[in-house]
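Close look at the chain arrangement
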Amino acid sequence: MRCNKHSPKKTQTSLNMKLICSSPLMIWLWVMMIGFTACNAQNSMHQPNDGIQANTLIGDTVEKLGTHLWYIYQDKKNNYWFGSNGEGVYRYDGHTLIQFTTKHGLSNDSIRQIQEDKTGQMYFSTLGGINKFDGKQFTLLPVLKSKDWKLDSNDMWFYMLGKKDEHGPYRYDGKNLYNLQFPDHYLHNEFYQKGINPFFSPYEIYSIYKDRKGVIWFGTSVFGACRYDGKSVKWMYEKDLTIVPNGGSFGIRSIYEDREGHYWFCNTQHRYDINLEATAKSDRLQYNKIKGIGDANVFGGNEYIYYSHIVEDQHGDIWLTTWSEGVYKYDGHHITHYEVRDAEQIVNLVSMYRDRQNNLWLGTPDKGVYKLVGNAFTKFNL
C-alpha cells in the first residue's frame, strides 16, 4: 500500500532515498548559493564605522512573505521573524506583516541568525555585521578583535555563514561585540601543506550550540567540531562527519546533546559519548563512538543519512532535517519519515524551528516556510 504523499511513512518500508548531500551536485548547488550571496553582499551593505545605523523608516508593510526564507524565530511577544537570504527580515504579529531591509538600517539583506536578549531587543547576524534592533532603529554593533575567550551565561554568540575569511565566532556581552579567533586545529599544518583550498575558510562556522551544561560548541566547514567550556577550546575531527562518501564537504551543520548525554553530529551513523576526564588531560576532545540510529532498510538502501538541523520536541522526540529527503522523527524506538513537497516537487530544506506553542517550522532556500499541521508539513501562508 502506498502512503499518501503528505503523510508520514514508517521507514520499515522502502523510501527509495539517496544519501542526503552525498551528491556532488547537491553540495555544489549549496556552496554556490551561499557563495553567490557572499560575493554580492557589498551591493546591499551599509558600512559606517561609528556603529550606528539609525533610520526613521520602520519597515514596509507587505502582503506576503518572500521565498528565500532560511530561518524562523518567535520572540517573547509572540511575533514571528522570518530571516531571508537576500530579502531582509520579516516580522509577523498575527495581523500585519512588515519587511525590514537595508533601506531601513539592516547592514545586509542576507540573515544568518535571529536572537533576542532578556530585554526583548532583537539581534540579526547578517553578511554585513551584527545588527541590534530596539523596535525603532537598527544599530550595527562595532567589532573588537580579541583572543580573550570567556564564557558567561548571558553572552550571545554569533556567526556569519557565507562571509569569507571568517576564523572564529562573535561573542556579545551586552556592551561589546568581540570577534574571537580559534586556536589552530591539530590538522592545521597538514591541511594547508596539502594545498587544499575550500570555498570558505576551513574554520568557517556552520553552527553554534549550547549544551545542557552551558558549554558552547561550534561546528565548522572542514575542521570538525570545537568545544569551549570556559577554560579551554578543544577540537574533534571525524572524516565521515565532514566528507560525504561520494565526495564533497558537508561540515558540522548541527550539534545536539540528547537526554542521555550523547552527542549527535550531522549524520545518523554514530552518536558520541564525550570523556571529560580524558579530555581534561588532552589537547583535543576524547570520546567514544556509540551506534547511531537506522540502517539500510530504514534509509532506502543507505546505512545512514546526513542532516542539517536537529530539534527535540516537547515529547522528547528528535527531528532531523535533511536537504532533499524531507524530515525524520525518532521517538527512541521508531523512525518516521515526512516528505515535504510543493505539489509534486520535492522541497529542499535549510532549517527547523520549534516555537513556544511547540509548533515545528521549516526554512527553505526558495519555497518560503513550512509548518507541521497534523501529520504533514504544509506551506505557511498568511
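Refer to the structure above for everything that follows.
Each value, and the rule that gives it
- Residues numbered from 1 in each chain as written.
- Predicted model: local features only at pLDDT ≥ 70, side-chain atom pairs only at ≥ 80, totals over all residues.
- Heavy atoms only, no water.
- Helix = DSSP H or I, 4+ residues; strand = E, 2+ residues; numbered from the N terminus.
- Buried < 20%, exposed > 50% of the residue type's maximum accessible area, 1.4 Å probe, protein only.
- Contact = heavy atoms within 4.5 Å.
- Areas by Shrake-Rupley, 256 points an atom, 1.4 Å probe, with all protein chains shown as cover.
- Polar contact = N/O pair within 3.5 Å; in protein donor to acceptor, adjacent residues only side chain to side chain.
- Lys, Arg positive; Asp, Glu negative; His and termini not counted.
- Salt bridge = Lys/Arg side-chain N within 4 Å of Asp/Glu carboxyl O.
- Pairing = 2+ DSSP bridges.
- Axes fitted to C-alpha atoms, helices over the stretch in contact; angles between N-to-C directions.
- Core = buried A, V, L, I, M, F, W, Y, C linked by side-chain atoms within 4.5 Å.

For the rest of this paragraph, the subject is the overall build of the chain. The number of helices and strands found in the chain is four helices and 32 strands. Burial status across the chain gives 55% buried among its 382 residues. For the chain, the proportion of contacts with a sequence separation of at least 24, taken over those separated by at least 6, is 55%. By element, 47% of the accessible surface of the chain is carried by carbon and sulfur atoms, the whole surface being about 17,500 Å².

Attention now moves to the side chain of D313. Residue placement: D313 occurs in the loop between β23 (309-312) and β24 (318-321). Within the structure, the side chain of D313 is placed 2.8 Å from the backbone nitrogen of H315, a separation counted as a polar contact. Excluding residues that lie within four positions of it along the chain, D313 makes contacts with R259, W319 and R354.

Looking now at the side chain of R112. The residue R112 is located in strand β7 (residues 111-116) in this model. No salt bridge forms around the buried R112; measuring N to O, its nearest opposite-charge neighbour E204 is 7.2 Å away. Engagement of the side chain of R112 in a polar contact is seen with the backbone oxygen of L161, the distance being 2.6 Å.

So, on to the sheet that holds strand β10 (residues 138-140). Judged by pairing direction, the sheet is antiparallel, and its four strands sit side by side in the order β7-β8-β9-β10 without closing on themselves. In this open sheet, the two edge strands, each paired with only one partner strand, are β7 and β10. Mean inter-strand twist for the sheet, computed between neighbouring axes without regard to direction, equals 25 degrees. Both strand β8 (residues 122-126) and strand β9 (residues 129-133) contribute to a ladder of five bridges, which runs antiparallel. Its bridge partner being in β9, F124 is matched across the sheet by N131.

Bringing the nonpolar core into the picture now. W217, M236, W264 and F265 are the most contacted members of the largest nonpolar core, which has 32 residues in total. Only β19 (255-257), β20 (263-265), β21 (270-274), β24 and β25 (327-330) provide two or more residues apiece to this core. Looking at this core element by element, the count peaks at three residues for β20.

So, on to the sheet that holds strand β11 (residues 143-146). The sheet built from four strands is open, its strands ordered β11-β14-β13-β12 with mixed pairing. Both outer strands of the open sheet, β11 and β12 (156-158), are each paired with one neighbouring strand and no more. For this sheet the average axis-to-axis angle between neighbouring strands, irrespective of direction, equals 30 degrees. Sheet topology places β11 next to strand β14 (residues 177-180); four bridges connect them, and they run parallel.

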